[in-house]
Amino acid sequence: MKKRLAILGSTGSIGTQALGVVDAHPELFDVEILSAHSNADLLIEQSQKYKPNAVVVTNENAYEKVKKALNNTDIKVFSGANALCDVVQWDTVDMVLAAIVGFAGLHSTIAAIDAGKQVAIANKETLVVAGEIVMQKAKEKNILPLPVDSEHSALFQCMIGEHLDSVEKVILTASGGPFLGKKTNFLVNVKKDHALQHPNWVMGAKITIDSATLMNKGLEMIEAKWLFDLQNDQIDVVIHPQSIIHSLVQFKDGSLKAQMGLPDMKLPIQYALAFPQRLNNDFKRFDFKDFPKLNFEQPDYKTFRNLALAKDAMYKGGNATCVLNAANEVVVHGFLQNKVGFLEMNDIIERALNDVAFIEKPTLQDLEETDAATRRLTESLLKGSQ
Ligand code: NDP
Ligand code: MG
């Protein structure tokens, strides 16, 4: 039986690479659902190639275009975020790949879990915002959410065959991004074109900026906390510029396990889609001759304040990580439009963390309201900074 996939965010960096995995293993996977936001042309192309049962388009203009183009086909075309939550629950879906970027991916991921589907989670923001609720629901449904993020895939692979209570701590590796070693006098003038040039990974714009500010690693600490049910002080970060060791688990006897490989997201995507199988592929292999040295250093929390802010939010708990995420989404969007400076992003996120009302045990509704309130505040701070 083929695994029937719903690929949410199929037009993105993760989505297109996931379809590459499907191309390489047509005997294992069928594409049942695809979704896009604004990239109508690519979604139309993908629909013609993979012939899914249905597609969902969340942007109204793009929806009209896709609907028209697929008019003479059997493919159902739906619009809006609610449709995402409906289609993932269909009986014809076995696994949902959550590859939408940002808070926009939260509800469809939860809907998939509520329906008892296997989920592969790339959308880390879902876990940052509502990790406790998401993992509780997964537990109730007896589902093991499969991580797609390379660090979390690494941790997952290292933990297989181990008792979770023998984990002492996890160590997330961070490349350090394009500004590793730089100080504030340099960062103050950084513009988006430079920040978008990641040394090791090719990814969507938002996560690339998050990697440059180290917010990505902060989000990943929170993601790891919920995925692996860790205490805050069990999560460490080390800078490893070559991105060969994707993360490490240290066990209570002091032994460390690491997962290694070239930086290529196709591998963790394939691992999650095919789990528990490992599949053959023609991906480039790691060669020690190309990497005579692997380096490690401590992160600079003072310069890259986003990492410290994310860590503080993780310790604070409650809705603080939701505030962190919403403020970050707004400032990154602003930075990509040249509306806010690189370092100003830290200041605005910090203000949001201080000013939005704290809720210790937020419900999903509380988190929606926190997200909306934080966006309003952050937008106004952004305007004020211009
Ligand atoms: P991209 O920006 O490349 O793609 C995002 C996808 O989400 C696109 O299909 C986009 O549609 C869709 N989308 C955007 N906004 C909305 C919305 N409001 N409603 C519904 N769909 C929307 O992002 P990435 O693929 O880089 O990242 C996806 C997720 O995976 C993120 O959470 C990221 O943190 C995570 N991740 C990514 C990695 C990577 O290597 N790229 C690595 C590890 C994690 P459209 O293009 O049609 O507008
Ligand atoms: Mg990652």
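Everything numeric here is computed off the predicted structure, so don't read it as measured data.

Here the focus is the overall build of the protein chain. Looking only at helices and strands, the protein chain features 16 helices and 11 strands. For 386 residues, the compact-globule estimate of 2.2 N^0.38 gives 21 Å, and the protein chain sits close to it at 20 Å. The principal-axis extent of the C-alpha atoms belonging to the protein chain is close to 55 × 50 × 40 Å. For the protein chain, buried positions account for 55% of its 386 residues. Across the protein chain, every contact between residues at least 6 apart in sequence was considered, and the portion connecting residues at least 24 apart equals 68%. When the 40 positive and 47 negative side-chain charges of the protein chain are each reduced to one mean point, those points stand 3 Å apart.

Let's shift gears to the sheet that holds strand β11 (residues 256-260). Sheet strands pair by backbone hydrogen bonding; their relative direction is either parallel or antiparallel. Within the open sheet, the four strands sit side by side as β9-β8-β10-β11. Their pairing is mixed. Looking along the sheet, the strands with just one partner apiece sit at the ends: β9 (235-239) and β11. In this sheet, neighbouring strand axes are inclined to one another by 20° on average, regardless of whether the strands run parallel or antiparallel. Of the pairings in the sheet, the one linking strand β10 (residues 245-251) to β11 comprises five bridges and is antiparallel in character. Within the sheet, the bridge partner assigned to Q250 lies in β11 and is L256. Seen against the sheet, helix α11 (residues 215-227) touches β8 (167-174) and β9 and runs at an angle of roughly 155° to β8.

Here seven strands make up an open sheet; going across it, the order is β4-β3-β2-β1-β5-β6-β7 and the pairing parallel. Unpaired on one side and paired on the other, β4 (76-79) and β7 (146-147) mark the two borders of the sheet. With two bridges joining them, strand β6 (residues 118-121) and β7 adopt parallel strand pairing. In the sheet register, I121 faces β7, and the bridge partner there is P147. Along the sheet, helix α3 (residues 60-69) contacts β3 (54-57) and β4; its crossing angle with β4, the most-contacted strand, is approximately 170°. Sheet strands in contact with helix α5 (residues 106-114) are β1 (3-8), β5 (95-98) and β6, and its direction is about 150° off that of β6.

With that settled, the discussion passes to the side chain of E32. Locating E32 in the fold gives a position in strand β2 (residues 29-36). Buried E32, no salt bridge; nearest opposite-charge side chain is R4, N-O distance 6.0 Å. Side chain to side chain, E32 and T92 meet in a polar contact 2.6 Å long. Among residues more than four places away in sequence, those in contact with E32 are R4, L5, P52, N53, A54, W90, T92 and V93.

Neighbouring ligand 1 are 24 residues; T11, S13, S38, N39 and E125 lie closest to it. Backbone polar atom of H37 to an oxygen atom of ligand 1: 3.0 Å apart, as the coordinates give it. Taking V101, its main chain carries an N or O atom lying 3.5 Å from an oxygen atom of ligand 1. Burial of ligand 1 by the surrounding chains reaches 86%, relative to a free accessible area of 890 Å². Among the secondary structure elements, those contributing two or more residues to the shell around ligand 1 are α1 (13-24) and α6 (124-140). When grouped by side-chain class, the residues that make up the shell around ligand 1 number 10 nonpolar, 11 polar and three charged.

All right, on to the confidence of the model for the protein chain then. On average, residues of the protein chain score 97 in pLDDT, and 100% of them are at 70 or above. Note on the complex model: pTM 0.98, ipTM 0.99.

Right, let's get into the packing of aromatic side chains. Enumeration over the complete set of coordinates arrives at nine aromatic pairs. An angle of 70° between the planes, with centres 5.8 Å apart, marks the rings of F335 and F342 as edge-to-face. Both residues of the pair, F335 and F342, count as buried. Members of the aromatic cluster, joined through ring pairs, are F179, F186, F335 and F342. One Lys or Arg, K182, reaches over the ring of F186 and ends 4.7 Å from the middle of that ring. The positively charged end of K266 is found above the aromatic ring belonging to F283, 5.1 Å away from the centroid.

With that out of the way, let us pick up α3. Turning to α3, its buried residues number three or more, namely A62, Y63 and V66. Axial view of α3: buried residues confined to an arc of 105°, hence all on one face. Exposed and facing more than 90 degrees away from the buried side of α3 are N61 and K68. In this structure, the buried side of α3 is in contact with α2 (40-50), β3 and β4. For α3, the side-chain oxygen to backbone nitrogen distance between the N-cap and N61 is 3.0 Å, and the N-cap itself is N59.

Reading guide: rules and limits
- Residues numbered from 1 in each chain as written.
- Chains lettered and ligands numbered in written order.
- Predicted model: local features only at pLDDT ≥ 70, side-chain atom pairs only at ≥ 80, totals over all residues.
- Heavy atoms only, no water.
- Helix = DSSP H or I, 4+ residues; strand = E, 2+ residues; numbered from the N terminus.
- Rg over C-alpha atoms; globule rule 2.2 N^0.38 Å.
- Buried < 20%, exposed > 50% of the residue type's maximum accessible area, 1.4 Å probe, protein only.
- Contact = heavy atoms within 4.5 Å.
- Lys, Arg positive; Asp, Glu negative; His and termini not counted.
- Charge placed at Lys NZ, Arg CZ, Asp CG, Glu CD.
- Pairing = 2+ DSSP bridges.
- Axes fitted to C-alpha atoms, helices over the stretch in contact; angles between N-to-C directions.
- Salt bridge = Lys/Arg side-chain N within 4 Å of Asp/Glu carboxyl O.
- Polar contact = N/O pair within 3.5 Å; in protein donor to acceptor, adjacent residues only side chain to side chain.
- Near = heavy atom within 4 Å.
- Areas by Shrake-Rupley, 256 points an atom, 1.4 Å probe, with all protein chains shown as cover.
- Nonpolar A, V, L, I, M, F, W, Y, C, P; charged D, E, K, R; others polar.
- pLDDT = per-residue confidence, 0-100.
- Phe/Tyr/Trp six-rings, centres within 6.5 Å; stacked < 30°, edge-to-face > 60°.
- Lys NZ or Arg CZ within 6 Å of the ring centre and 35° of its normal.
- Arc of directions from axis to C-beta.

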